Amino acid sequence: MSQLLCSRLCVTACSRPLSFSSLCSKTGGKWKLSRWYTAHSHTSTQPPGNPFHRIWNLTQRAIHHSSSRTSKSPGLKFILGPAVLTVSARLFCRAACCEADVNNNAPEEIILKDSVPDFKWHILWEFVKPQLFALIGAVVLAFGAAMLNIQIPLMLGDLVNVVARYLREHSGTYVNEIKGPAIKLLGLYAIQGLLTTGYIILLSRVGERVAADMRKTLFASLIRQDVAFFDANKTGQLVNRLTADIQEFKSSFKLVISQGLRSITQTVGCFVSLYIISPKLTGLTVVVLPCLVGAGAIIGSFLRKLSRLAQEQVAKATEVADEALGNVRTVKAFAMEERELQLYAHEVDKSCEMNENLGGGIAVFQGLSNVALNCIVLGTIFAGGTLISSDEMSPGDLMSFLVASQTVQRSLASISILFGQVVRGMSAGARVFEYLSLKPTIPLSGGGRIPFHSLIGRVDFMNISFSYPTRPGHQVLKKFSLTLPPCKTVAIVGESGGGKSTVASLLERFYDPTNGVVMLDGLDIRTLDLAWLRGQVIGFINQEPVLFGSSIMENIRFGKPDATDAEVISAAKQSNAHRFIMSFPDGYNTMVGERGVALSGGQKQRIAIARALIKNPSILVLDEATSALDAESERVVQEALDRATRGRTVLIIAHRLSTIQGADLICVMSNGRIVEAGTHLELLSKGGLYSDLIRRQRAEGQK
Ligand SMILES: Nc1ncnc2c1ncn2[C@@H]1O[C@H](COP(=O)(O)OP(=O)(O)OP(=O)(O)O)[C@@H](O)[C@H]1O
């Protein structure tokens, strides 16, 4: 019973998510418990007046009552000693288990209050199907191990009875009498050990393979989603699906199959055994059980509340650290290290205090459950002793009863843990499956066509209206029309937020227009193969190019994965990057650091230009490609861009008007529309918005 209580406590207030292996060792079979006990016995505090000795004495006395010579015999002690020790070890083990949880009491997330989201069994089936044979094997072995566990208490009882009979009758030699049942029991332990090893190996294999398949499928699904999906979902959450949720699902999956099967089989089986051994004692247990479960539930719910509060506080502290470390440059730039430190220390102190309270609660619970546990064992022995004295029960039966009742308690405890784990696992699985079955609104490939003719490179935006999916009420483009003639450069300028970058996004087909159509060489781009369009036709360079944390060579090759080294070097030369790359000791093998932090802005931009040029695109989109650079970097990058734009259709989005004066057409955008268009000189002579912008920028430049 106390195990049940303690385990409920573990569920509610345990420090970390209970992994499959830790659960196995805490609530699993005899060999695991003894091993765990051995490892932890030095840390577990045995209560004063250790009831172990009293149990031992009482058991001895009960046996003595049925046989006057028993207590003097070393034989019975030899058999009963380890048996009682096993029972007691379990009890202390549980106390130690709680103690260990107190010592590491960062509380576990409780999701029991949450409703279980829609769990799609057919998706799970798709992942499990390839592992079906291994899974069936694991289930059969686990079932076998559980059945043996039901047998063990009965055989222990038989063994004790043999010894008791020998002590009573003294017929034959002790070893001969005991040999048969002892060997049987040993054989049973060995088979159970083998079955347990077998099902854990199989189940691990199934769990790992299912999780790996899920990870790959989920990543494939995520990476294929359109940009709007990433506007609506935080990257952190998505990564969490791949890591924490799949991990949680895997643990639950393995646990439910192994523990669930075992616990249910053992509970039912051992209850039947208990009833067969002694209906009276079983009745007593059934009466006491609900009282203890009720008391455990009340204290457990209080601890759960403490645990949740403490967990929220830990999360708050982590948030502070996360924000400070994530924005460390800003923190340093404002010399705010001390303030951040104080903030973090404050949150950590609060969390420490709450966890201490939680630890106190757990300690009280542990003490109470220890008492309850010992009382139950004492009560069983007391009542059992009475039954032995009235010849209604043999000492072996009492032994069987004690061990079987421990198995029931342990199994019930597992089931209570399992319930929370099932909810958690299903929630995690449902979150993963949700993204697995998601279809991108703009699929990367499949059905799109690739024109046979060589591209001319004419682009028409025809009567486009557009709102971002995350902000449907806000119309960004309003009946926008524009033609990019082949091999000409068209620039879009205008107020911030006017919709310039949105035009570029529609050409890349990051989004589809709400109304209107974007045409490439007279073909609606929605009918074209998207991978071809982005991979070969359009090159895109924006203000803050993001590089991957690999070498310069790898980053440039990202534009064309099958490019030779010579092609990479040629692209780097075109983008004015070759010289600075060669000045690094490792040349093209220089690592650029996370997101390219080990390079200057101008260097990153030139690598990005090389990355865009290596695929030799017909259309080049430059979205404020030089606006983040200083004058010298801008000159070098601009030179590279001038070279890169030759012979291509180019769309330039620019703030600095000095960089687009040579464009064939300049369009001024305001509020989602083109309000002026012409060459630099034409627009200047008009004296409209463009000349206003030029005047303002010149005035700012002179300040
Ligand atoms: N992913 C997005 N989701 C929702 N709204 C967006 C998104 N991106 C841009 N917007 C909104 O669309 C409007 C146009 O943005 P856009 O980036 O096209 O303007 P811009 O002219 O390029 O501005 P800037 O010159 O400042 O870069 C703005 O109101 C902006 O807030």
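What counts and what doesn't
Residues numbered from 1 in each chain as written. Predicted model: local features only at pLDDT ≥ 70, side-chain atom pairs only at ≥ 80, totals over all residues. Helix = DSSP H or I, 4+ residues; strand = E, 2+ residues; numbered from the N terminus. Buried ≥ 20, exposed ≤ 12 C-beta atoms within 10 Å, placed from the backbone. Contact = placed C-beta atoms within 7 Å. UniProt positions renumbered as here; feature names shortened; annotations may be inferred. Expected span 1.5 Å × (residues − 1). Bend = angle between axes of the 7 residues up to and from the residue. Pairing = 2+ DSSP bridges. Axes fitted to C-alpha atoms, helices over the stretch in contact; angles between N-to-C directions. Near = placed C-beta within 6 Å. Nonpolar A, V, L, I, M, F, W, Y, C, P; charged D, E, K, R; others polar. pLDDT = per-residue confidence, 0-100. Parallel < 35°, antiparallel > 145°, perpendicular 65-115°, else oblique. Left-handed = near helix turned anticlockwise from the far one by under 90°.

**A few points about the overall build of the protein**
Broken down by element type, the protein carries 23 helices and ten strands. Put simply, the protein has 703 residues, and 41% of those count as buried. Restricting to contacts in the protein with at least 6 residues of sequence separation, those with at least 24 account for 83%.

**Let's talk about the UniProt feature "transmembrane region" (unreviewed entry) in the protein**
When the UniProt feature table is mapped to this numbering, "transmembrane region" (unreviewed entry) covers residues 132-152, 186-206, 260-277 and 283-303. Strand forms 0% of residues 132-152 and helix 100%; the C-alpha atoms that close the span are 30 Å apart. End C-alpha atoms of residues 186-206 are separated by 30 Å, and the span's content is 100% helix alongside 0% strand.

**Focus: the environment of Ala430**
Among the secondary structure elements, Ala430 is positioned in helix H14 (residues 395-436). Overall, Ala430 belongs to the partly exposed group, with 17 C-beta atoms counted inside 10 Å. Sequence separation of Ala430 and Trp121 is 309 residues, and the distance between their C-alpha atoms is 9.4 Å.

**Considering helix H7 (residues 132-169)**
In this model H7 runs 55 Å from its N-terminal to its C-terminal C-alpha over 38 residues, within 8% of the 56 Å that 1.5 Å per residue would give. Taking the largest bend as the criterion, H7 deviates by roughly 25°, centred on Gln151, and proline Pro153 comes between one and four positions later.

**With respect to the sheet that holds strand E2 (residues 475-484)**
Overall, antiparallel pairing links the four strands, which are arranged E2-E1-E4-E5 in an open sheet. Sheet topology places E2 and strand E5 (523-524) at the edges, where each strand pairs with a single neighbour. Across five bridges, strand E1 (residues 459-467) lies against strand E4 (residues 515-520) in antiparallel orientation. Bridged to Asp460 within E4 is Met519. Running over the sheet, helix H15 (residues 500-507) touches E1, E2 and E4 and is turned about 115° from E1.

**Comments concerning the site of the ligand**
Taken together, the neighbourhood of the ligand is formed by Asp231, Tyr468, Thr470, Arg471, Val476, Ser496, Gly497, Gly498, Gly499, Lys500, Ser501 and Thr502. Taken together, the residues of the shell around the ligand sort by class into two nonpolar, seven polar and three charged.

**Here's the deal with the environment of Ile492**
Its place among the elements puts Ile492 in strand E3 (residues 489-494). The spatial distance from the C-alpha of Ile492 to the C-alpha of Val668 is 5.9 Å, given a sequence separation of 176 residues. If we ignore the near neighbours within four places in the chain, the residues touching Ile492 are Lys500, Val503, Ile653, Cys667 and Met669.

**Concerning the pairing of strand E6 (residues 538-542)**
Looking along a regular strand, one sees the side chains alternate between the two faces of the sheet. With respect to burial, E6 is a largely interior element, four of its five residues being buried. Of the strand pairs in this sheet, E6 and strand E7 (residues 619-623) are connected by five bridges, and their pairing is parallel. Bridging across to E7, Asn542 finds its partner in Asp623.

**Let's talk about the confidence of the model for the protein**
One rule of thumb: low pLDDT means the predicted coordinates there are not for detailed reading. Here the protein averages 77 in pLDDT, while 80% of its residues score no lower than 70. Note that pLDDT drops below 50 for residues 1-116; the model gives that stretch 213 contacts with residues more than four away or on any other chain. Interface confidence for the predicted complex, given as ipTM, is 0.97, next to a pTM of 0.68.

**Quick notes on unusual backbone geometry**
Its identity as a non-glycine residue notwithstanding, Asp391 has a phi of 60°, on the positive side. Within the element layout of this structure, Asp391 appears in the loop between helix H13 (337-389) and H14. For Asn671, which is not a glycine, the phi torsion comes out positive at approximately 55°. Looking at the element boundaries, Asn671 is found in the loop between strand E9 (665-670) and strand E10 (673-678).

**Brief notes about the sheet that holds E7**
Working definition: the strands of a sheet are paired by backbone hydrogen bonds and lie parallel or antiparallel to each other. The strand order E6-E7-E8-E3-E9-E10 describes an open sheet built from six strands, whose pairing is mixed. Looking at which strands have only one partner, the edges of the open sheet turn out to be E6 and E10. Between one strand axis and the next, the sheet turns by 20° as a mean value, whatever way the strands run. Relative to E10, E9 runs antiparallel, the two sharing five bridges.

**Some details on the packing of H7 against helix H8 (residues 174-223)**
Orientation of H7 relative to H8, taken along the N-to-C sense of each, is 160°, at an axis distance of 8 Å. On the basis of the axis angle, H7 is roughly antiparallel to H8. In terms of crossing hand, the pair formed by H7 and H8 is left-handed. Taken together, the residues that form the contact of H7 with H8 break down as 26 nonpolar, seven polar and four charged.

**Focus: the environment of Gln409**
Looking at the secondary structure, you find Gln409 in helix H14. In the structure, Gln409 is positioned 146 residues away from Ser263 in sequence and 9.7 Å away in space, judged by C-alpha atoms.

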